[in-house]
Amino acid sequence: MADVIYDNKSQLEQVQSGLLEGETVIAVYDAIGVGTGFIGLTNRRIIIQDKSFVGKKFAITSIPYNKVSSVSVVSNKSWVGQFFSSGEIAITVGQHVYEVEFRGSEKAHHAHNLILSLAS
């Protein structure tokens, strides 16, 4: 667990409780903004907690890396020479786009690059 990057220990423990045999956690980042609670990245899949359901319900969505068709940097301003001026990424799986906003562009950059490398 020493090598795992995480923002919130309870989120890390939640991801760890649902691991498959041989699966390891790489990072768990707390997400900000509407709906998303966290994003977990393992050696096999992306795990997103979606808290946007009515009645205090939430979903844990697992996305195998081989189902990701694209990962994008989301920004509402000019990059002015910086690829990662934003702390938000969008993950496209089929027709659905999962948007995740991070607490800092470094975390978004790490998640983007990790997803891109594992989805290839």
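Details of the structure are given in the entry above.
Along every chain, residues carry numbers that run from 1 in the direction the sequence is written. It should be noted that, the model being predicted, local features are given only for residues of pLDDT at least 70 and side-chain atom pairs only at 80 or more, the latter also being counted only at that level, while totals for whole chains, interfaces and linings use all residues. Excluding hydrogens and water, the side-chain figures rest on all heavy atoms present in the structure.

K.L.:
Hey, could you go over the environment of Ala 27 for me, with residue numbers and the actual values?
P.N.:
Labels follow the DSSP assignment, with helices taken as runs of H or I lasting at least four residues and strands as runs of E lasting at least two, numbered in each case from the N terminus. Here Ala 27 lies in strand S2 (residues 25–32). On a C-alpha basis, the gap between Ala 27 and Val 15 in space is 9.8 Å, while along the polypeptide they are 12 residues apart. Among residues more than four places away in sequence, those in contact with Ala 27 are Ile 5, Ile 39, Gly 40, Leu 41 and His 110. Contact between two residues is taken to exist if any of their heavy atoms lie within 4.5 Å; hydrogens are not considered.

K.L.:
Please provide a residue-by-residue account of the pattern of salt bridges, values included.
P.N.:
Two side chains of opposite charge can pair, provided their charged atoms sit close to one another. The term salt bridge refers to a pairing of a side-chain nitrogen on Lys or Arg with a carboxyl oxygen on Asp or Glu at a separation within 4 Å. In this structure the tally under the stated criterion is three salt bridges. In this structure, Glu 23 and Arg 45 form a salt bridge, with 2.7 Å as the shortest nitrogen-oxygen distance. Here Arg 45 lies in strand S4 (residues 45–50) and Glu 23 lies in the loop between helix H1 (9–17) and S2, a separation of 22 residues in the sequence. Between Arg 103 and Asp 30 there is a salt bridge, and its shortest N-O distance comes to 2.9 Å. Within this pair, whereas Arg 103 is found in the loop between strand S8 (96–102) and helix H2 (105–119), its partner Asp 30 is found in strand S2, the two being separated by 73 residues in sequence. The buried label goes to any residue with under 20% of its type's maximum accessible area, the exposed label to any with over 50%, and the partly exposed label to all in between, with areas taken from a 1.4 Å probe on protein chains only. With relative accessibility at 48%, the residue Arg 103 sits in the partly exposed group.

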